[in-house]
Amino acid sequence: MISRVVLVFVAIISLVACQPKKKEINFPKTDLTQVALIPKPLKTIATNSAFALDGETAIYTSTTDANFEAVGQFLSQKIKKKTGLDLGVNPTDGDTPVERVVYINQSDSEELSTPESYQLYVKKDSIFLNAKTAAGAFRGIQTLRQLIPEQTNDTLTDHPLWLIPTGKVLDEPRYGYRASMLDVARHFFTVDEVKKYLDILAYYKFNALHLHLSDDQGWRIEIKSWPKLTEVGGASEVGGGEGGFYTQEDYKELVAYAAERHIIIIPEIDMPGHTNAASLSYPFLHAGGKADKPRVRTDMLVGYSSFHTRKDTVYAFLDDVIREIAAITPGPYFHIGGDESHVTKKKDYIHFVEKVEKIVHKHGKQAIGWNEIAQAKISPSSVVQLWNDEPHDAINAAKNGSKIIVSSAKKMYLDMKYDSISEYGLTWAGMIPVDVGYNWDPKTYIKDLPEESVLGIEAPLWSETISNSAELEYLAFPRVIGYAELGWSRAENRDWEDYKVRLAKQVPYMKRMDIKYYPTKLVDWGE
Ligand code: IFG
């Protein structure tokens, strides 16, 4: 009696033997190190063959962390958008032929030294993406997206192949905080316009978006206990337009959309200055004295408004505002503004900052403020955002343990004109051509600020002169792509001559995303 084992064994052998032998594809030579990756990875090694991406590719994700599956789904959606291919994620049905696999794995390897580190191994029959966290995996799939060529190879088999160059990418960010800011107060931007900006920031590995939700010209976030803030304060904007505001549901939708992209939202209520819209809504908030009497402001002046800093009712009001916003903000930060409080006496300003910082802590958040807050005795847990040319307070705060976000206006303000012919933007901090925005480094630009005190970088986009996506994109692109590299890549790996060639190769992506970028003459866009 021939044993069952032998029978099964013979069956398997004969099955395999009669499979039509997949003929070995003779791939053209590739070079992964020559792909226009932005931000530039820490280390890339080419092995010069190709992973043939086609409909018989499947994505498998780690079973030890369910958040990895969402990363796999995101990758599948983006591959479909770029190639039309429908890749299964963790397919269980036996009838989908799988020739090649993308594995997105959770790994605790010591080599993954930061939460966003990842290792990408591209081989002929498989791609391994290893990361400690889902955020790291998410950063890694942005690199994988950029490795998928724009053109297919149609000569190797009976169907088109997207040939992903084989090799290795070992990568991690220089700074853990890489952000942009959108001023939705001077001009209001819709949920969809903010989502589009988030999509592009995610592609370039940003991990934070700071929303400037209040200013003299507008209050943009619903506060249920103080409804006039949006009824009155949200009803106008620079230039006299209709303004607008986010309901708390809108805001939660933006927070969730950002979270899917492993981006945190940082809400800013700017105070005690830049508060005309709030004081117009509730006059008891107003400082009186030298501060301008609240009225609808559609101009672009700054520095004329202030909250009253000695009334308990003002702090009770702020407790409500901070409580309501903190409750719908999963990220760790609440931005209290603090800039340009020119009509608030210094001792009143310091008193105000120290009280408001405590309210932020009471509601479980770390405070961020523009660098003027460092005049006060702030907690080492508070973060100072350095924007102007007076770094001394920030440097003192750093000595006391605070981390610093570098947002130097002269290098990073996206609302500065590119040059004398660019249409939108201001010029008070000087013009910022694309190369000037790229060719510098925070470590050398801000003397006496130790590298370990730098939390990261943030490129603010103030909206006095813009009011829709096309105008936003004109100012933000391509410069913000350079800040993505400034925040992610090592200084020694950044070189303008190399970068501008990689930047020019972003055109297919920018066209696919309908990004109305400024076609600076400093780059040969090849069109
Ligand atoms: N400075 C003001 C902004 C905005 C900006 C425009 C800061 C921190 C000039 N404050 O930048 O409100 O008006 O470039």
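Residues numbered from 1 in each chain as written. Predicted model: local features only at pLDDT ≥ 70, side-chain atom pairs only at ≥ 80, totals over all residues. Heavy atoms only, no water.

Chemist: Give me the lowdown on the pairing of strand β8 (residues 177–183), citing residues and values where you can.
Modeler: In terms of burial, β8 is a largely internal element, 7 of the 7 residues being buried. By the alternation rule, side chains of β8 split into Y177, A179, M181 and D183 and R178, S180 and L182, which are all buried. As defined by bridge partners, β8 adjoins strand β15 (residues 454–461) across 6 bridges and the pair is classed as parallel. In the strand pairing of β15, M181 is matched with P460. (Buried < 20%, exposed > 50% of the residue type's maximum accessible area, 1.4 Å probe, protein only. Helix = DSSP H or I, 4+ residues; strand = E, 2+ residues; numbered from the N terminus. Pairing = 2+ DSSP bridges.)

Chemist: Lay out the site of the ligand with the relevant residues and their values.
Modeler: Near the ligand lie 14 residues; those nearest to it are D339, Y413, D415, W428 and E464. At 3.4 Å, a side-chain N or O of E340 approaches a nitrogen atom of the ligand. Contact with the protein chains hides 96% of the accessible area of the ligand, taken as 350 Å² for the molecule alone. Its residues placed into classes, the shell around the ligand shows 8 nonpolar, 1 polar and 5 charged. (Near = heavy atom within 4 Å. Polar contact = N/O pair within 3.5 Å; in protein donor to acceptor, adjacent residues only side chain to side chain. Areas by Shrake-Rupley, 256 points an atom, 1.4 Å probe, with all protein chains shown as cover. Nonpolar A, V, L, I, M, F, W, Y, C, P; charged D, E, K, R; others polar.)

Chemist: Can you tell me about the environment of V238, naming the residues and giving the values?
Modeler: Among the structural elements, V238 can be located in the loop between α5 (228–231) and α6 (248–260). For V238, a relative accessible area of 6% corresponds to the buried category. Counting along the chain gives 217 residues from V238 to L455, while the straight-line C-alpha distance between them is 32 Å. Residues contacting V238, with those up to four places away along its chain left out, are R186, H187, Q217, T298, D299, M300 and E464. (Contact = heavy atoms within 4.5 Å.)

Chemist: For unusual backbone geometry, give the residues involved together with the corresponding values.
Modeler: Peptide bonds are mostly trans, and most non-glycine residues show a negative phi. Residues M271 and P272 are joined by a peptide bond in cis, for which omega reads 0°. The topology assignment puts P272 in the loop between β10 (264–268) and α7 (276–281). With omega at 15°, the peptide bond leading from F477 into P478 counts as cis. Positioned with a positive phi, N48 is a non-glycine residue whose angle comes to about 65°. The exposure class assigned to N48 is partly exposed, which follows from its relative accessible area of 29%.

Chemist: Got a sec to walk through the sheet that holds strand β2 (residues 57–61)? Specific residues and values, please.
Modeler: One open sheet accounts for 7 strands, arranged β1-β7-β5-β6-β4-β2-β3; its pairing is mixed. The open sheet has two free edges, formed respectively by β1 (43–53) and β3 (88–89), since each of these has just one partner strand. Strand direction decides the pairing type here: β2 and β3, joined by 2 bridges, are parallel. Counted as the bridge partner of I59 is V89 from β3. Against the sheet, helix α2 (residues 67–83) engages β1, β2, β3, β4 (100–106), β6 (126–131) and β7 (162–171), with an angle of about 145° to β4. (Axes fitted to C-alpha atoms, helices over the stretch in contact; angles between N-to-C directions.)

Chemist: Please provide a residue-by-residue account of the packing of helix α15 (residues 479–488) against helix α16 (residues 496–504), values included.
Modeler: Packing of α15 against α16 brings their axes to within 11 Å, and their N-to-C directions diverge by 125°. Relative to α16, α15 is oriented oblique. As α15 runs across α16, the sense of the crossing is right-handed. Note on element contacts: α16 touches α15 through Y499, R502 and L503, opposite I481, G482 and E485. When its residues are assigned to classes, the contact of α15 with α16 shows 3 nonpolar, 1 polar and 2 charged. (Parallel < 35°, antiparallel > 145°, perpendicular 65-115°, else oblique. Left-handed = near helix turned anticlockwise from the far one by under 90°.)

Chemist: Can you tell me about empty space enclosed by the protein, naming the residues and giving the values?
Modeler: The full count for this structure, using the stated rule, is 4 cavities of 30 Å³ or more. For the largest cavity, the calculated volume is near 120 Å³. Lining the largest cavity, in full, are K78, I79, K81, K82, R145, I148, Y203, Y509, R512 and M513. Looking at the lining of the largest cavity, the elements that each hand over two or more residues are α2 and α17 (507–512). Among the elements that line the lining of the largest cavity, the one with the most residues is α2, at 4 residues. Here the lining of the largest cavity is built from residues that sort into 5 nonpolar, no polar and 5 charged. Here the second largest cavity defines a volume of roughly 60 Å³. For the lining of the second largest cavity, the per-class residue count stands at 4 nonpolar, 5 polar and 3 charged. (1 Å grid on protein atoms, 1.4 Å probe; cavity = no way out; pocket = protein on both sides within 12 Å on 5 of 7 lines; lining within 4 Å. Points joined across faces, edges and corners; volume = space filled by probe spheres on them.)

Chemist: Explain the side chain of E237 to me, using residue names and the numbers behind them.
Modeler: As for its placement among the helices and strands, E237 is situated in the loop between α5 and α6. The buried charged residue E237 lacks any salt bridge, with R220 as its nearest oppositely charged partner at 4.5 Å. In this structure E237 touches R186, H187, F188, Q217, R220, E242, G243, R297 and T298, once residues within four positions along its chain are discounted. (Lys, Arg positive; Asp, Glu negative; His and termini not counted. Salt bridge = Lys/Arg side-chain N within 4 Å of Asp/Glu carboxyl O.)

Chemist: Now, about the side chain of S463: what can you tell me, with residues and values included?
Modeler: As for its placement among the helices and strands, S463 is situated in the loop between β15 and α14 (469–476). Beyond its immediate chain neighbours, meaning those up to four positions away, S463 contacts D183, R186, H187 and F189.

Chemist: Go over the packing of aromatic side chains, please, and point to the residues and values.
Modeler: Any two aromatic rings considered together are summarised by their centre-to-centre distance and by the angle between their planes. Under the counting rule described, the total for this entry stands at 32 aromatic pairs. Each ring, one from W387 and one from W428, has its centre 6.2 Å from the other, and the planes form 75°; the classification is edge-to-face. One end of the pair, W387, is in the loop between β13 (383–386) and α10 (392–399); the other, W428, is in the loop between α11 (409–412) and α12 (434–438), with 41 residues separating them in the sequence. Among the residues examined, W387 registers a relative accessible area of 10% and is labelled buried. Relative to Y518, the ring of Y474 has its centre 5.2 Å away and its plane inclined at 65°; by these criteria the two rings are edge-to-face. With Y474 in helix α14 and Y518 in the segment after α17, the pair connects residues that are 44 residues apart, well separated along the chain. Y518 carries the same exposure label as Y474, and that label is buried. These aromatic residues form a ring-pair network of at least three members: W226, Y282, F284, F307, Y315, F317 and F352. One cation-aromatic arrangement involves R479 over Y418; the distance from NZ or CZ to the ring centre is 3.8 Å. Against the face of Y438 rests R494, its NZ or CZ located 5.2 Å from the ring centre. (Phe/Tyr/Trp six-rings, centres within 6.5 Å; stacked < 30°, edge-to-face > 60°. Lys NZ or Arg CZ within 6 Å of the ring centre and 35° of its normal.)

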